[in-house]
Structures are given as C-alpha cells and as structure tokens.
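Spelled out, the chains give:
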Amino acid sequence: TSYRQGLLTIALNPKAAVVFLTIIPQFLDTKDSVSGVVVLAGILAAVALTWFCIYSVLISTLRPLFEKRRTRQTLDVVTGTTLTGLGLRLAWETR
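Please read these numbers as outputs of a predicted model, since none were measured by experiment. (Residues numbered from 1 in each chain as written. Predicted model: local features only at pLDDT ≥ 70, side-chain atom pairs only at ≥ 80, totals over all residues. Heavy atoms only, no water.)

**Student:** Before we move on, can you summarise the packing of helix α3 (residues 34–67) against helix α4 (residues 69–92) with the specific residues and values?
**Tutor:** The angle between the axes and the distance between the axes are what describe a pair of packed helices. Axis separation between α3 and α4 bottoms out at 5 Å; the angle between their running directions is 85°. Here α3 lies roughly perpendicular to α4, going by the angle between them. Contacts between α3 and α4 pair L65, F66 and E67 from the former with R69, T71, R72 and L75 from the latter. Of the residues in the contact of α3 with α4, the class split is three nonpolar, one polar and three charged. (Axes fitted to C-alpha atoms, helices over the stretch in contact; angles between N-to-C directions. Helix = DSSP H or I, 4+ residues; strand = E, 2+ residues; numbered from the N terminus. Parallel < 35°, antiparallel > 145°, perpendicular 65-115°, else oblique. Contact = heavy atoms within 4.5 Å. Nonpolar A, V, L, I, M, F, W, Y, C, P; charged D, E, K, R; others polar.)

Put into structure tokens, the structure is as follows:
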C-alpha cells in the first residue's frame, strides 16, 4: 500500500538520521541527558505532523483545481519554461 511505501521511505531515509544527529545536539546542553533528546525529537515530530496535516488539507482542497486539464497544461508550460530557462542559463554560464 502507499502508506507502507511512505513509511519505509521515511524510515530508510538516511537524511533524516543525519539531520537529527547533526542539528539536534546543537540545542542540547552538555548536562542534558536522553530526556533532552526525547523532548526535542517530540517537538520535531509535532512540527512535522502539523506541517503534513496542513499540506494534506490544502492539497485536498485544491484537488478539483488541479484535476482540470487547463490547470495541468498551464503548470506544465510554466514548469517546462522555467526548467528550460535554468538549463540554458547553466549552459551559458562561465566559470
């Protein structure tokens, strides 16, 4: 299922572990124990959950708009033009 695929993707993503191991210790005092790490991990999880809930509601609200053929074509043109422009800029860039 898509839930299992998403869960495996998140669980096996090394970037999450790297971020957690490099950023979180900066906010801990040297005398903090495991409880400090647990609190910060909980805050991080709460922020992520809040963001994903807001994102889900926003996307589900806008779904009828994104299902329209005209909207998809416009997004394709804008995205294609942007990527082509960035590619040309990169191709003509000198060091």
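This is not the end of the story, as more comes after the structure.
**Student:** So, the packing of aromatic side chains: which residues are in play, and what are the values?
**Tutor:** Inspection of the entire model under this criterion finds one aromatic pair. On the numbers, 5.7 Å between centres and 35° between planes, the contact of W51 with Y55 is tilted. Of the two residues, W51 and Y55 are both situated in helix α3; the distance of four residues between them amounts to about one turn of the helix. (Phe/Tyr/Trp six-rings, centres within 6.5 Å; stacked < 30°, edge-to-face > 60°.)

**Student:** Could you give an account of the environment of F20, naming the residues involved and the relevant values?
**Tutor:** In this fold, F20 is placed in helix α2 (residues 14–23). Through-space distance from the C-alpha of F20 to that of L40 is 9.6 Å; in sequence the pair is 20 residues apart. Non-local contacts of F20, meaning those with residues more than four positions away in its chain, are made with P25, V37, A41 and L44.

**Student:** Describe the pattern of salt bridges, and please don't skip the residues or the numbers.
**Tutor:** Counted by the stated rule, this structure contains one salt bridge. A salt bridge links E67 to R63; its shortest N-O distance comes to 2.8 Å. Note that E67 and R63 are positioned in helix α3 at a spacing of four residues, about one turn of the helix. Overall, E67 belongs to the partly exposed group, its relative accessible area being 46%. Of the residues examined, R63 reaches a relative accessible area of 53% and is grouped as exposed. (Salt bridge = Lys/Arg side-chain N within 4 Å of Asp/Glu carboxyl O. Buried < 20%, exposed > 50% of the residue type's maximum accessible area, 1.4 Å probe, protein only.)

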